[in-house]
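For reference, the chains in residue letters:
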Amino acid sequence: MSRSLRRGALAATAVVFSIASLAACGAGNDAQTLQIKPDNAAATKGDIEVQNALVITQGQKGEKGPAVVSATVFNNGTKAQTLDGITLPGGKGKVALKPAEGSGKVTVPALGYIVIGGKGNASAVIEDGAAAVRDGEVQKVLFQLSSTGGIELEAFVVPATGAFAPFGPTAAPAPAASPSGTPSGTPSGSPSGSPSAGATGAAAGATPSGSATGTPSGSPSHSAGH
């Protein structure tokens, strides 16, 4: 890795903590005062400013799976804009953009900001991240806004380890069909039928009921007559 890339990676590590603090705050009229000025992966066009842009891959080297784009998008204008898409001009991966809640487009509020990446925030998932990007590279990323248009910058590609882990891609859950079917069928069928039939016949049969009722009730009645 070149000296410039090492310097940029260290700067990216520092600014990721600022992303975490911004994610905990809501957008408001004082959003401009929350902006930081990193020395990498930032670009401004019109009312829109993109900061702290990173491409984050899987945590383990060589691990296959999606990657994500993480960034903070500020809107310094008085009109809300939508983030219509994120693309990698130099890559092959398709980026799926989703809002923090519900469906539809991601909205950057007026005089506010949004955080992309991390729990509870909007997400931008590069579906075939392992083939599209590699750790240590610098990847061009294009943010497409509804009014401002396209904003292109160069983002560092880092693995989802250390400070970057909370903003990295989520691992796909393992299939659970096989374990759930075997235990659930075996115990429920056998115990439920067997005790029910045996216990009912023995307890509710004619023999115990007749023997207890006939003998005691006739004998005491007869001796009382004498």
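Residues numbered from 1 in each chain as written. Predicted model: local features only at pLDDT ≥ 70, side-chain atom pairs only at ≥ 80, totals over all residues. Heavy atoms only, no water.

This next bit is on the overall build of the chain. The secondary structure content of the chain amounts to four helices and ten strands. From first element to last, N terminus to C terminus, the chain shows the α and β order α-β-β-β-β-β-β-β-β-α-β-β-α-α. By residue count, 34% of the 226 residues in the chain fall in the buried class. Just so you have it, the chain exposes about 12,700 Å², and 56% of that area is on carbon and sulfur atoms. (Helix = DSSP H or I, 4+ residues; strand = E, 2+ residues; numbered from the N terminus. Buried < 20%, exposed > 50% of the residue type's maximum accessible area, 1.4 Å probe, protein only. Areas by Shrake-Rupley, 256 points an atom, 1.4 Å probe, with all protein chains shown as cover.)

With that settled, consider the environment of Gly85. You can see Gly85 is positioned in strand E4 (residues 81-87). We classify Gly85 as buried; its relative accessible area is 15%. Between the alpha carbons of Gly85 and Lys98 there is a distance of 9.5 Å; along the sequence they are 13 residues apart. Ignoring anything within four residues of it in the chain, the contact list for Gly85 reads Leu97, Leu142, Phe143 and Gln144. (Contact = heavy atoms within 4.5 Å.)

Our next topic: the side chain of Asn121. You can see Asn121 is positioned in the loop between strand E7 (112-116) and strand E8 (123-126). A polar contact of 2.9 Å, which involves the side chain of Asn121, links it to the backbone oxygen of Gly117. (Polar contact = N/O pair within 3.5 Å; in protein donor to acceptor, adjacent residues only side chain to side chain.)

Here we come to the confidence of the model for the chain. When pLDDT is averaged along the chain, the result is 73, and 56% of the positions lie at 70 or above. Confidence drops under pLDDT 50 across residues 1-30; counting only partners more than four residues distant or on other chains, this segment forms 45 contacts. Counted against residues more than four places away or in other chains, residues 172-176, with its pLDDT under 50, gives zero contacts. (pLDDT = per-residue confidence, 0-100.)

Looking at the element boundaries, Thr82 is found in strand E4. Residues Thr82 and Ser146 lie 64 residues apart in sequence; the distance between their C-alpha atoms is 5.3 Å. Other than its neighbours up to four places away in sequence, Thr82 contacts Lys105, Val106, Thr107, Gln144, Leu145 and Ser146. A distance of 2.8 Å separates polar atoms of two side chains, one belonging to Thr82 and the other to Asp84.

Further remarks concern the pairing of strand E10 (residues 149-159). Here is the key point about a regular strand: its side chains alternate between the two faces of the sheet. Bridge count for strand E2 (residues 48-57) against E10 is four bridges, and the pairing is parallel. From the neighbouring strand, Ile56 faces E10, where its bridge partner is Val158. Pairing geometry for strand E9 (residues 138-145) and E10, over eight bridges, is antiparallel. Among the inter-strand pairings, Gln139 is bridged to a residue of E10, identified as Ala155. (Pairing = 2+ DSSP bridges.)

With 30 residues, the main nonpolar core has Val50, Ile86, Val141 and Phe143 as its most contacted residues. Among the secondary structure elements, those contributing two or more residues to this core are E2, strand E3 (67-75), E4, strand E6 (106-108), E7, E8, E9 and E10. Residues contacting Val50, with those up to four places away along its chain left out, are Ala41, Ala42, Ala43, Ala71, Thr72, Val73, Phe143, Ile151 and Leu153. (Core = buried A, V, L, I, M, F, W, Y, C linked by side-chain atoms within 4.5 Å.)

Enumeration according to the criterion identifies one aromatic pair in this entry. Both rings, one in Phe74 and one in Tyr113, keep their centres 5.6 Å apart while their planes meet at 45°; by these two values the pair is tilted. Within this pair, whereas Phe74 is found in strand E3, its partner Tyr113 is found in strand E7, the two being separated by 39 residues in sequence. The class for Phe74 is buried, based on a relative accessible area of 1%. The class for Tyr113 is buried, based on a relative accessible area of 5%. (Phe/Tyr/Trp six-rings, centres within 6.5 Å; stacked < 30°, edge-to-face > 60°.)

This brings us to the environment of Gly162. When you line up the elements, Gly162 lands in the loop between E10 and helix H3 (177-204). Measuring from C-alpha to C-alpha, the distance between Gly162 and Gly59 comes to 9.1 Å, with 103 residues separating the pair along the chain.

With that settled, consider the pattern of salt bridges. A side chain with one charge can pair with a side chain of the opposite charge if their charged atoms come near. Summed over the entire model, instances satisfying the criterion amount to one salt bridge. The salt bridge involving Lys105 is made with Asp84; its shortest N-O contact spans 3.4 Å. Remark: Asp84 occurs in strand E4 and Lys105 occurs in the loop between strand E5 (95-98) and E6; sequence separation between them is 21 residues. (Salt bridge = Lys/Arg side-chain N within 4 Å of Asp/Glu carboxyl O.)

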